[in-house]
Every structure is written in structure tokens, then in C-alpha cells.
Amino acid sequence: MTSLVRMNLLTEKFHTGPIKQRRRYRTLFATSLALAANTGISLFNSKSRWAWPPLHWAVAHVVGNTLADLEEFEGKGRHFTELTESVGANIALSAGWSVLSSKSPYASLVSAALLTGSTVDLLQRCREVDPQRANLLAPYLAWLQLVIIKECWTILRKVTA
């Protein structure tokens, strides 16, 4: 049995008991960070303001709880560090997309594709710890696919016009 499978079994047992105070603060911090990122990103990209709050909340919830699980059962080991780096890259790519999306459809397409790859990586890392919770990232991935389709359509219309 791998360490992540064992940890997943422990996590399931942990979620049935009372939530520890430290864990509450950690997930509250992650959610607050996501909402702050939402505010900053909305300043750059006001056209998609409606989509960001629930998507950022889902990412914050999944990542915050997954990091809490990893720290609690593994300490700040390799999986914790890799997930932290993956989240940092995802936030940077999300901010980059927000800035580039207003510049040109080509820049938006490339940055959305990179953000999608980063989000798939994030989802896989979270799925190793808690598959059901990781599924909350599916709407974010679906939204990114819509962005890619929209940008491809914009580029195609531009080329054929």
C-alpha cells in the first residue's frame, strides 16, 4: 500500500471526526488568499468577473484541505512541497492569463492552454490525496476549456475575415 493510499484512508477517518482549530485557520487562509486573487484578477479582466469567485473558492477549498491533509499525515514532505509549487505556478499562470487575455486572442489562447495544463497537474496531485474533493476542480477545467474554444473561434474568425 503506497503512502498516499494509506494517507487517503487516514484522511477519510479524519474527516469523520471534529475539525481541528489549526486546520480551520489554514483553510480559511487559503480561501482568503483565493478571494484576494479574485479581486486582483477581476481588476485586470472585468469581462469575466462573474466566473471567478466560485472557481477560486473551489480551488482554495480543494488545495487548502489537501495541503492540510498532507501536512497532518506526511509533514511538510515531498508531496506537500510539490503541491505548493504547483499551486504557485497555477496562480502565476492565472494572473498571466488575466493580463494577456485583453491583449490578443493568440496570447490569451497560449496562456489559457498553459493554465489548463497547470490545473490538470494540480487536479492530479489533489486526486492522489482525496479523489472526491479533487473533483471540485472540474468546473474550473471546464471553464478553461470554454476559454480555449472561444479564443480558437475568435482567431478562426479573424483569419477567415
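The name given to the chain in an unreviewed UniProt entry is Tryptophan-rich sensory protein, with the source organism recorded as Corynebacterium suicordis DSM 45110. Regarding the chain, the relevant UniProt record gives this comment under Subcellular location (unreviewed entry): "Membrane". According to the UniProt record, the Sequence similarities (unreviewed entry) comment for the chain is "Belongs to the TspO/BZRP family."

Engineer: Explanation requested: the pattern of salt bridges in the structure shown.
Structural biologist: When their charged atoms lie close together, side chains carrying opposite charge are able to pair. Enumeration over the complete set of coordinates arrives at six salt bridges. Between Arg133 and Asp69 there is a salt bridge, with its nearest N and O atoms 2.9 Å apart. A residue pair is termed long-range when its members are at least 10 positions apart, and Arg133 in helix H6 (residues 131-134) and Asp69 in helix H3 (residues 52-74) qualify at 64 residues. Asp69 shares its class with Arg133; the two are buried. Across the pair Arg78 and Glu82 runs a salt bridge whose closest N-O atoms are separated by 3.3 Å. Placement of the pair is Arg78 and Glu82 together in helix H4 (residues 78-100), with a separation of four residues, close to one helical turn. On the basis of relative accessible area, Glu82 is assigned to the partly exposed category, the value being 24%.

Engineer: Is there a simple way to explain the nonpolar core in this structure?
Structural biologist: In summary, soluble globular proteins display a tendency toward joint burial of nonpolar side chains. If you look at the biggest cluster of nonpolar residues, it comprises 24 residues, and the most contacted ones within it are Val63 and Leu83. Not counting residues within four places of it along the chain, the set of residues in contact with Leu83 comprises Thr66, Leu67, Leu70, Leu122, Arg125 and Cys126.

So, how was this worked out
- Residues numbered from 1 in each chain as written.
- Predicted model: local features only at pLDDT ≥ 70, side-chain atom pairs only at ≥ 80, totals over all residues.
- Heavy atoms only, no water.
- UniProt positions renumbered as here; feature names shortened; annotations may be inferred.
- Salt bridge = Lys/Arg side-chain N within 4 Å of Asp/Glu carboxyl O.
- Helix = DSSP H or I, 4+ residues; strand = E, 2+ residues; numbered from the N terminus.
- Buried < 20%, exposed > 50% of the residue type's maximum accessible area, 1.4 Å probe, protein only.
- Core = buried A, V, L, I, M, F, W, Y, C linked by side-chain atoms within 4.5 Å.
- Contact = heavy atoms within 4.5 Å.

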